[in-house]
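# Descriptive structure summary
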Number of protein chains: 2
Amino acid sequence: MTTWWCESAWLDGPVDGVRVTEAGGVITAVEVADPGPGDRRLAGLVLPGLADAHSHAFHRALRGRTHDGGGSFWTWRRQMYAVAARLDPDQYLALARATYAELALAGVTCVGEFSYLHHPPGGGRYADPNTMSEALVHAAADAGVRLTLLDTCYLTGGLDGTPLDDVQQRFSDGDAEAWAARVAALAPRPGLRIGAAVHSVRAVPADQLATVAAAAQGRPLHVHLSEQPAENAAALAATGRTPTALLAEHGVLGPGTTAVHAVHLTADDIATLAATGTGVCACPSTEADLADGIGPFRRLADAGVPLCLGSDQHVRGDLLGEARALEEHQRLVSGERGRFTPAELVTALTAAGHRALGWPDAGRIAVGQRADLVAVRPHSVRTAGCAPGELPLVATAADVGTVVVGGRVVVEDGRHALGDVGALLAAAIGDLR
Amino acid sequence: MTTWWCESAWLDGPVDGVRVTEAGGVITAVEVADPGPGDRRLAGLVLPGLADAHSHAFHRALRGRTHDGGGSFWTWRRQMYAVAARLDPDQYLALARATYAELALAGVTCVGEFSYLHHPPGGGRYADPNTMSEALVHAAADAGVRLTLLDTCYLTGGLDGTPLDDVQQRFSDGDAEAWAARVAALAPRPGLRIGAAVHSVRAVPADQLATVAAAAQGRPLHVHLSEQPAENAAALAATGRTPTALLAEHGVLGPGTTAVHAVHLTADDIATLAATGTGVCACPSTEADLADGIGPFRRLADAGVPLCLGSDQHVRGDLLGEARALEEHQRLVSGERGRFTPAELVTALTAAGHRALGWPDAGRIAVGQRADLVAVRPHSVRTAGCAPGELPLVATAADVGTVVVGGRVVVEDGRHALGDVGALLAAAIGDLR
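What counts and what doesn't
- The residue count restarts for each chain, going from 1 along the sequence in the order it is written.
- Chain letters start at A and ligand numbers start at 1, both assigned in the order the entries are written.
- For this predicted model, a pLDDT threshold of at least 70 governs which residues receive local features, and a threshold of 80 or more governs which side-chain atom pairs are given and counted, while totals over whole chains, interfaces and linings are taken from all residues.
- Values reported for side chains reflect all heavy atoms of the structure, with hydrogen atoms and water molecules removed beforehand.
- We count a stretch as a helix when DSSP gives it H or I for four or more residues in a row; a strand needs E for two or more, and each element gets its number in order from the N terminus.
- To sort residues, take the accessible area from a 1.4 Å probe on protein chains only and compare it with the maximum for the residue type: under 20% means buried, over 50% means exposed, and anything in between is partly exposed.
- Residue contacts are counted whenever heavy atoms from the two residues lie within 4.5 Å of one another.
- All accessible-area figures derive from a Shrake-Rupley calculation using a 1.4 Å probe, and residue coverage is judged against the displayed protein chains alone.
- In this tally, Lys and Arg are treated as positive and Asp and Glu as negative; His is ignored, and so are the chain termini.
- Taken as the charge location is NZ of Lys, CZ of Arg, CG of Asp or CD of Glu.
- By definition, the crossover connecting two strands over a helix is right-handed if that path, from the first strand to the second, turns clockwise as seen with the strands pointing away from the viewer.
- Summed over both partners, the accessible surface that disappears when two parts come together, traced with a 1.4 Å probe, is what is meant by buried area.
- Every case where a carboxyl oxygen of Asp or Glu lies within 4 Å of a side-chain nitrogen of Lys or Arg is listed as a salt bridge.
- We define a polar contact as two N or O atoms separated by no more than 3.5 Å, with the added condition that, inside protein, one atom must be a possible hydrogen donor and the other a possible acceptor, whereas residues neighbouring each other in sequence contribute only through side-chain atom pairs.
- Following DSSP output, two strands are said to pair if at least two bridges run between them.
- Where each domain begins and ends is defined by an automated method or by a domain database.
- Throughout, a disulfide means two cysteine sulfur atoms within 2.5 Å of one another.
- Superposing the copies works by least squares over the C-alpha atoms of residues that have pLDDT at least 70 in both of them.
- In this analysis, rings of Phe, Tyr and Trp, with Trp reduced to its six-membered ring, are considered paired at centre separations within 6.5 Å, and the interplanar angle assigns stacked below 30 degrees, edge-to-face beyond 60, and tilted for intermediate values.
- Over a ring means this: the NZ of a Lys or the CZ of an Arg is within 6 Å of the ring centre and within 35 degrees of the ring normal.
- The predictor attaches a confidence to each residue, and that confidence, scored 0 to 100, is pLDDT.

### Description of the overall build of chain A
A tally of regular secondary structure across chain A gives 14 helices and 16 strands. Dimensions of chain A along its principal axes, counting C-alpha atoms only, are 65 × 50 × 45 Å. For chain A, buried positions account for 63% of its 433 residues. Considering only residue pairs separated by 6 or more positions, chain A has 73% of its internal contacts joining residues 24 or more positions apart. Accessible surface computed for chain A: about 13600 Å², of which carbon and sulfur atoms make up 53%. Charge separation in chain A, taken as the distance between the mean sites of 34 positive and 48 negative side-chain charges, equals 2 Å.

See below:
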């Protein structure tokens, strides 16, 4: 049992002097009180653990490697595939471990890994067909964060029946039944949830969507949705339906489902997402970097759609920055400030993200919740002078001091238990080049 | 005389192993060579000094203080005026010193301060009418950065003849002649340029613009331009002209002039800026924070308008982040990546910014240029794995290691010569509240 005394803690907003008692990784008491004699002190503003609801860990190898030739999402994808074609399980483990450690430094206590890199280059199967998934599970445990493995079904190269290309062979289990059988063989472990994903309407034929949805019953189910206009055009051409309508028709949407990006939506799409209880994961740094555009996130929230946030391609390892960018992008297109309140952004970063990843018992500083605590420095060169209630809109990953995951200190004074994470990243990425 | 050996230095792009020799604050030799025995070593990628071409230092007190109530640019301005109404010269000095030190930590070696806080609260004059300007000069010297004081003419409350409100009394010299006389009394000093500014077409009557332009001959002249649609509407209603056309008509535009923001422009406005040789200063973090919108910066550059960057209201103290946001905002509205090359962004951050501030002899690592060097860490948790040529699109202020201004080390290993800048900021801002 440990009691943490927080200089300030985010309950529904910032509250000064909060004692948080933890036993077995779970919060057993929260009280506004002076520090007790044995308390461990957390300086600054303590947020609940942040959930990165959409990660492709291996994309971290592309940071600062794709800005030289212009192009589009689709030319970027070719560069991404060049990395996807090379990774072996050991390289995947090293890269994901370092990437998750970078996220932990940013205050992330739980990662949703949208994982489609399943099989050896060119196809075939590893001796254990879940070797690549096991590398991710291992990586998260080493980095000290919880993981929801969103094991992804990826079967086709496009809505027009385009066959898989050489790289995409790695992604495919052949059909949805075989995908489901492989996923069913993954053993649950503490700190791990096994979820599911439909890569996109481009990658799973309409007549196999229901199989994926059925296998995902009771687990988080994620899907890339309308990130680029070309996906919408292809879906309309092939099926006469928007991607949202297609997913709805085949039972993919619902309260356990999270649609990722949701940038290019019709009014009907927004109504469908709301009516089905589907959540949306915005990934603002990726949506800017890949020139996806600015999604209707305020309209989605107004319709009752829960929003969470993802770092996606790891163009930045700063989940607080994703929340700020979400807000800033809405300001840029609306001419209005304060499109989301700081409290709404904290909910997206914490409770909503954890719920989308299948951890309803995490993301709040409250009795019965997992003891995930993220202490943010209020007096850095970046944050000095800021009102505590607005700190989530000002602080960056570099302002995260201590990170506690399920009662365990993973980051202390900005240093990760694994040591120099920059060096781990450089080694893992260097090994790929 | 000092010789710096740079692991890598940005000449037209990154070059490994560059010796830079400095004497009297000026670069006397640049050579690709192994380090010599007495060389001082700069690790990482060494950029030329960055120029923050548009700063309102006192706005730093508003960071993280205006996000709670929604609103617009105009409601934000009321909060800003509440700070403007209070500052005395000592408070102004302390706040500007800490703010400029934050900029130095971010690699800024030269600041353009767009300064309109001239007189005591409610009007009147300080014993030295340039007391507030002298506070800024003092602050920059303490922080170790060069300063271009863009002393700003501010005379009216609006294009419709609205009188100055109580706070705006501090800004006004009465008329343009009196403004010019006061500015003429400022003595030039090493490390200081005296420039001029028209606050905006809202604040200087059309019939006094020519007086300001004449007084600014041979100095940098800056002007806020079309930051908000309301300014355009007011100008059209009052004069039948866009703000750009109005400035052109009265001789304010030209190669010595920099238009700040330039977000809401017509095609004719763009052509006018290009034809007159006027530069544009984008302030992307402010333009997002204040919901200004996304300016036509790629179209301006294509028309031949030189672009530079400013941190403006100091919503972030990260000039590298301004360059990244400039590029990201263009991606968001165009659907295309690589709207600016990394080299174009470095030019905006360095040589173009210095030129806009009247320092054509700064902003490049070349013989005859001022010895301003900014070493950026390539192996941090943020930058690890990045290609050197793309580092300017990835690194943040937190990745700046050493900063040399005119041969003098101002920041070493991320620490400013003044000490804990977060504490300086907290004290200066706390004193105001």
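And the narrative resumes.
### Looking at the side chain of B:Thr109
Mapped onto the elements of the fold, B:Thr109 is located in strand β6 (residues 108-115). Residue contacts for B:Thr109: discarding those within four places in its chain leaves B:Gly49, B:Leu50, B:Val145, B:Arg146, B:His354, B:Asp372, B:Val374, B:Val403, B:Val404 and B:Val405.

### Here we look at the pairing of strand β7 (residues 146-153) of chain B
All names here are of chain B. Of all 8 residues in β7, 8 are buried; the element is thus mostly enclosed. The alternating pattern of β7 places Arg146, Thr148, Leu150 and Thr152 and Leu147, Leu149, Asp151 and Cys153 on opposite faces, both of which are buried. Where the polypeptide runs from β6 across helix α3 (residues 131-143) and back to β7, its parallel neighbour, the crossover connection is right-handed. Crossover connection from β7 via helix α4 (residues 176-184) to parallel strand β8 (residues 192-198): handedness right-handed.

### Focus on the interface of chain B and chain A
Counting from both sides, the interface comprises 52 residues of chain B and, opposite them, 52 residues of chain A. Here chain B and chain A share an interface that buries about 4300 Å² over both sides, 51% of which is from carbon and sulfur atoms. In terms of surface lost to chain A, no three residues of chain B exceed B:His67, B:Leu332 and B:Arg337, which account for 19% of the buried area on that side. At the junction of chain B with chain A, the criterion picks out 6 salt bridges. Where A:Arg337 meets B:Asp289, a salt bridge forms, and the shortest distance between an N and an O atom there is 2.9 Å. The tally of links from chain B across to chain A stands at 29 residue pairs in polar contact (both at pLDDT 80 or more).

### Here we look at the pairing of strand β3 (residues 26-32) of chain A
All names here are of chain A. Pairing between strand β2 (residues 14-23) and β3: 6 bridges, direction antiparallel. By the bridge assignment for β3, arginine 19 is matched with glutamate 31. Between β2 and β3, which follow one another and run antiparallel, lie 2 residues, and glycine 24 among them has a positive phi close to 60°.

### Some points on the domain arrangement of chain A
Residues and elements named next belong to chain A. Domain annotation for chain A reports domain 1 (2-48 + 370-416) and domain 2 (50-356). Between the C-alpha centres of domain 1 and domain 2 the distance comes to 29 Å. Facing 25 residues of domain 1, the contacting portion of domain 2 comprises 25 residues. Taken together, the two surfaces of domain 1 and domain 2 that pack against each other cover about 2000 Å², and 66% of this comes from carbon and sulfur. Across the contact surface, domain 1 and domain 2 share 1 salt bridge. Put simply, aspartate 372 and arginine 146 hold a salt bridge, and the shortest N to O gap is 2.5 Å. Our count for the domain 1 to domain 2 interface comes out at 7 residue pairs in polar contact (both at pLDDT 80 or more).

### With respect to the pattern of salt bridges
For the structure on display, the rule yields 46 salt bridges over all chains. With a closest N to O distance of 3.2 Å, A:Arg331 and B:Asp289 form a salt bridge. Highlighted residues: A:Arg331 in helix α11 (residues 319-334) and B:Asp289 in helix α9 (residues 284-289), drawn from two different chains. Per residue, the accessibility class of A:Arg331 equals that of B:Asp289, and both read buried. One network of salt bridges, with partners in common, ties together A:Asp289, B:Glu327, B:Arg331 and B:Arg337.

### Let's talk about the state of the cysteines
Residues and elements named next belong to chain A. The tally for this structure, following the rule as stated, stands at 0 disulfides over all chains. Here cysteine 6 stays free of any disulfide, with the sulfur of cysteine 386 as its closest cysteine sulfur at 18 Å. Given a relative accessible area of 0%, cysteine 6 falls into the buried group. Cysteine 308 takes part in no disulfide bond, and the closest cysteine sulfur to it belongs to cysteine 281, at a distance of 4.0 Å.

### Digging into unusual backbone geometry
All names here are of chain A. One non-glycine residue, histidine 261, lies in positive phi territory at about 90°. Among the secondary structure elements, histidine 261 is positioned in strand β10 (residues 257-261). Not every positive phi belongs to a glycine, and aspartate 413 is a case in point at roughly 50°. Tracing the sequence through the fold places aspartate 413 in the loop between β15 (408-412) and β16 (415-416). The exposure class of aspartate 413 is partly exposed, given its relative accessible area of 45%.

### What about the sheet that holds β2(A)?
All names here are of chain A. Taken in spatial order, the 8 strands line up as β3-β2-β1-β4-β13-β14-β15-β16 in an open sheet, and their pairing is mixed. Taken across any chain shown, the strands that pair with only one partner, and hence form the sheet edges, are β3 and β16. In terms of strand pairing, strand β1 (residues 2-10) meets strand β4 (residues 40-48) through 5 bridges, oriented parallel. Looking at β4, one finds that serine 8 is bridged to leucine 45.

### Topic: the relation of the copies chain B and chain A
Structural alignment of chain B on chain A gives an RMSD of 0.0 Å, achieved by rotating through 180° and translating 0.0 Å along the axis. Between the two chains, the operation in question is that of a two-fold axis. The position closest to the rotation axis in chain B is occupied by the C-alpha of B:Ala398, lying 3.7 Å away. Both copies contact each other with a shared surface, as 100% of the interface residues of chain B are interface residues in chain A too.

### So, the environment of B:Ala196
Here B:Ala196 shows up in strand β8. Setting aside residues no more than four positions away along its own chain, B:Ala196 makes contact with B:Leu149, B:Leu150, B:Asp151, B:Trp179, B:Ala216, B:Pro220, B:Leu221 and B:His222.

### Let's talk about the packing of aromatic side chains
Centre distance and the angle of the planes are the two values used to describe a pair of aromatic rings. The tally for this structure, following the rule as stated, stands at 14 aromatic pairs over all chains. With centroids separated by 5.8 Å and ring planes inclined at 45°, the aromatic side chains of A:Phe73 and A:Trp76 adopt a geometry described as tilted. One end of the pair, A:Phe73, and the other, A:Trp76, are both in helix α1 (residues 73-84), 3 residues apart, so they sit about a helical turn from each other. Take A:Phe73: its relative accessible area is 5%, and that puts it in the buried class. Each member of the aromatic cluster is reached from another via a ring pair, and the members are A:Phe58, A:Tyr81, A:Tyr116, A:Tyr154 and A:Phe171. Above the ring of B:Trp359, the side-chain terminus of B:Arg146 is found at 5.0 Å from the ring centroid. Positioned over the ring face of B:Trp359 is B:Arg193, at 3.9 Å from the centre of the ring.

### Details of the confidence of the model for chain A
A low pLDDT score tells you not to read the predicted coordinates there in detail. When pLDDT is averaged along chain A, the result is 97; 100% of the residues meet or exceed 70. Confidence metrics for the complex model read pTM 0.98 and ipTM 0.97.

### As for the side chain of A:Glu231
Tracing the sequence through the fold places A:Glu231 in helix α6 (residues 229-239). Not counting the four nearest positions on each side in its chain, A:Glu231 is found in contact with A:Leu159, A:Ser200, A:Val201, A:Arg202, A:His224, A:Leu225, A:Ser226 and A:Pro243.

### Focus: the environment of B:Arg40
Residue and element names in this part refer to chain B. By the secondary structure assignment, arginine 40 is in strand β4 (residues 40-48). Taking the C-alpha atoms as reference, arginine 40 lies 38 Å from methionine 132; in sequence the two are 92 residues apart. Setting aside chain neighbours within four positions, we find arginine 40 in contact with Thr2, Thr3, Trp4, Trp5, Val409 and Glu412.

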